[in-house]
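Letter by letter, the chains look like this.
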Amino acid sequence: MYQLFLLHNFKDNRTCIPGGRFENLLLVCITTILFCLALWSHFKCFVDSWLVSKIYAFAFGGVLCGIWILVKPNRQAFSISHISLGYMAFIVYYTLLIVLSPFIESNVAIIALISFLLIYLFFKIIPISIRFGINLIIIILCLCEAVFGLYRCVSIGMPVYGISGHFDNPAGFAMCIACGIPFCCPLLKSDKFVERCFAIISVGVIMVAILLSKSRTGIMASMIVLCWYMIYCFKCHRNAKFEHKYLWMMIFGAVTLMGCIFLFKADSAVGRLFIWMNSLELAYESPVWGHFPGGFLHLYMKEQAEYFGHHADSKYWIFADNVAHPFNEYLLFFVENGIVGLLLLGAILYKVLKLGKSSTYGLAILCVVICACFSYPMRYPFMAVILAYSLAQIETEQVALPYHRIYSIGGKIIIAGYILVGCIILFKDMKFEKQWYVVTMASVEGKPALHNYEALYQNWNGNPYFLYNYGALLNQMAEFGLSADVLNKCQKYFDDYDVRMILADDYMHMGNYYEAELQYYNAINMCPNRFMPLGCLLKLYIAQKKYGAAYDIAIQILDKPIKIPSATVHRIKSHYVCIRLADGALNGGCLPPCR
């Protein structure tokens with residue numbers, strides 16, 4: 001039965017001796033655990049439980065794969081392709097950039113990259129006989145997640161922003177379950193009725209869940225993958241004219257679909273185009289080598305503030321917000337790694353898609369590639385595991401490198417060293433995140449303990465969001481000098497509207513009005529549709545007895561359109577209406593008369 005669903009387009013040049021039944025069963029269990037951890041891990045003992053849990057699970061999955069590689073006997077011949085060497089060279093190159101980056105202090109990013117490489121090598125040496133079983137596991141997991149999302153929709157009602165299943169947002173939910181569609185495609189052509197029905201039901205349920213998630217990226221990726229499959233797998237490639245005809249039809253359909261999706265959430269799409277425009281401007285500042293990994297999080301909001309500082313009347317002001325990702329993985333890579341890194345990545349993707357255009361694994365990679373154009377799929381470890389598995393199965397021109405040369409004694413020592421050091425780093429990082437969660441929960445319950453935060457700060461794990469959290473707490477506890485010091489350190493790794501607002505409040509209470517004013521104006525330029533920095537700036541001018549400037553700010557507050565109505569915005573507007581109508585009565589008639 002396994003052989004029935006092997007891809008006819010895949011010619012495996014490996015001399016792969018099938019393992020015994022127990023070994024194959026063990027491999028299937030390891031793979032299932034790996035996919036389940038990457039998809040469903042959610043341990044509520046971390047502050048960012050949705051993301052951090054999955055990253056740790058992915059890293060430990062890499063450790064598990066590394067252990068298997070170590071204990072695997074060398075009786076299995078193994079060959080590796082030129083493109084496999086390209087993958088590994090790329091990962092080594094990117095790891096070096098992370099090490100050299102001044103914007104990343106955490107070692108977890110390096111551990112995750114090496115884990116990806118070990119997972120890829122693990123999938124590279126699995127027997128062909130269990131590949132169908134792994135494909136089936138992926139379909140079942142994606143189907144279960146889709147059914148869970150639909151169940152929540154029925155039980156608690158349709159959320160405003162779309163269903164999200166076990167994920168923190170609908171986009172991640174839709175992208176991950178969309179990865180199951182390519183693995184359903186071979187079953188659609190099966191001669192067996194039961195298998196065809198299973199595939200049709202799976203695709204139908206997944207597509208309904210994606211549509212209800214309202215994720216434009218998920219909808220586009222799944223539709224393009226299905227169209228691509230119909231063109232290349234339903235014998236269209238036998239006639240070149242027929243192939244080109246349907247290829248152009250697919251391109252036209254994709255453009256039409258993008259237009260419809262753009263109109264579906266026009267404001268969001270315009271805001272995304274604005275982010276892309278600013279990201280390109282940031283990339284042009286260092287086009288060859290980029291700003292190094294982590295540079296986007298550190299520099300983007302400054303770029304956005306600079307744009308609005310020079311274009312106060314821009315039509316994009318209403319769409320501006322805090323931005324931590326450009327919603328395009330390639331653009332992010334361009335900003336952080338320059339043209340050199342982007343060309344290397346592009347060459348690998350071109351080769352992979354060309355070789356795998358008519359295979360299940362090529363379709364799975366295509367799904368990830370499309371999602372990366374409009375969102376952040378690499379934020380989700382499940383998609384990284386899908387990518388590693390698919391890359392390992394793509395047909396490539398083989399280089400005759402035997403298994404024992406690749407996994408020699410020296411290679412095994414390196415892997416064993418990684419496992420040992422990686423586990424130590426991961427456990428230490430998990431301990432920090434767990435302690436941070438405990439301290440945060442105590443603060444929420446009204447029992448903040450600054451000495452606990454100080455102890456964590458002395459053993460900081462490189463997570464910049466801890467610095468923001470600690471600086472915000474110090475501000476609330478009126479430790480304004482310490483808060484400013486911590487937030488200034490935080491700005492070295494990430495900078496946004498919220499950081500500037502707290503810094504401005506710190507400087508205002510410290511009597512440093514010049515710095516406070518500067519920070520408030522930076523916050524205004526970062527997010528010009530916000531009312532809070534204007535209100536705080538007005539209070540600052542009143543405290544300095546700059547009543548003319550205060551009056552001008554009050555006029556801006558009254559005239560500014562409201563993006564999202566809220567009680568806070570209406571309170572600010574109504575409060576400063578009184579200031580304007582006071583006609584100089586406030587502070588002994590020092591305000592100028594109303595105009």
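Thresholds applied
- Residues numbered from 1 in each chain as written.
- Predicted model: local features only at pLDDT ≥ 70, side-chain atom pairs only at ≥ 80, totals over all residues.
- Heavy atoms only, no water.
- Buried < 20%, exposed > 50% of the residue type's maximum accessible area, 1.4 Å probe, protein only.
- Helix = DSSP H or I, 4+ residues; strand = E, 2+ residues; numbered from the N terminus.
- Arc of directions from axis to C-beta.
- Contact = heavy atoms within 4.5 Å.
- Polar contact = N/O pair within 3.5 Å; in protein donor to acceptor, adjacent residues only side chain to side chain.
- pLDDT = per-residue confidence, 0-100.
- Core = buried A, V, L, I, M, F, W, Y, C linked by side-chain atoms within 4.5 Å.
- Axes fitted to C-alpha atoms, helices over the stretch in contact; angles between N-to-C directions.
- Parallel < 35°, antiparallel > 145°, perpendicular 65-115°, else oblique.
- Left-handed = near helix turned anticlockwise from the far one by under 90°.
- Nonpolar A, V, L, I, M, F, W, Y, C, P; charged D, E, K, R; others polar.

Asks: How do you make sense of helix α18 (residues 450–458) when you look at a structure like this?
Replies: Residues three or four positions apart in an α-helix share a direction because the helix packs 3.6 residues into each turn. Turning to α18, its buried residues number three or more, namely Y453, L456 and Y457. The buried residues of α18 occupy an angular sector of 105 degrees when projected down its axis, which confines them to one face. Set apart from the buried face of α18 by more than 90 degrees, the exposed residues are H451 and Q458.

Asks: Would you explain the environment of E336 in this entry?
Replies: Checked against the element boundaries, E336 lands in helix α13 (residues 329–355). It is 4.6 Å that separates the C-alpha atoms of E336 and H291, two residues lying 45 residues apart in sequence. Discounting chain neighbours no more than four positions away, the residues touching E336 are Y94, W289, G290, H291, F292, P293, G294, G295 and F296. A distance of 3.4 Å separates the side chain of E336 from the backbone nitrogen of F296, its partner in a polar contact.

Asks: For this particular structure, what's the right way to read the confidence of the model for the protein?
Replies: Reading fine detail from the predicted coordinates is not recommended where pLDDT is low. Averaged over the protein, the pLDDT score is 83; the fraction of residues at 70 or greater is 83%. Low pLDDT (under 50) marks residues 1–18, which in the prediction has 48 contacts with non-local residues, meaning those over four places away or in another chain. Here residues 396–406 scores under 50 on pLDDT; set against residues more than four positions off or in separate chains, the count is 30 contacts.

Asks: Help me understand the nonpolar core in this model?
Replies: Residues F35, F123, I210 and Y389 are the most contacted members of the largest nonpolar core, which totals 113 residues. Membership of the second largest hydrophobic core comes to 65 residues, among which are F334, L456, L487 and Y497.

Asks: Before we go on, may I ask you to explain the packing of helix α5 (residues 131–156) against helix α15 (residues 381–393) in this structure?
Replies: Geometrically, a packed helix pair is captured by the angle between its two axes and the distance between the axes. Contact pair α5 / α15: the axes reach a minimum separation of 13 Å and the direction vectors enclose 155 degrees. If you check the angle between α5 and α15, you find them roughly antiparallel. The way α5 lies across α15 gives a crossing that is left-handed. Contact residues: R131, I134, N135, I138 and C142 in α5; F382, I386, Y389 and Q393 in α15. Residue composition of the contact of α5 with α15, by class: six nonpolar, two polar and one charged.

Asks: Even after reading the chapter, I still don't get the packing of helix α2 (residues 49–71) against α15, so can you show me in this structure?
Replies: Put simply, α2 and α15 touch, their axes get as near as 9 Å, and they point 30 degrees apart. Compared by their axis directions, α2 and α15 come out roughly parallel. Of the residues in α15, those in contact with K54, I55 and F58 of α2 are P381, A384 and V385. Partitioned by chemical class, the residues of the contact of α2 with α15 number five nonpolar, no polar and one charged.

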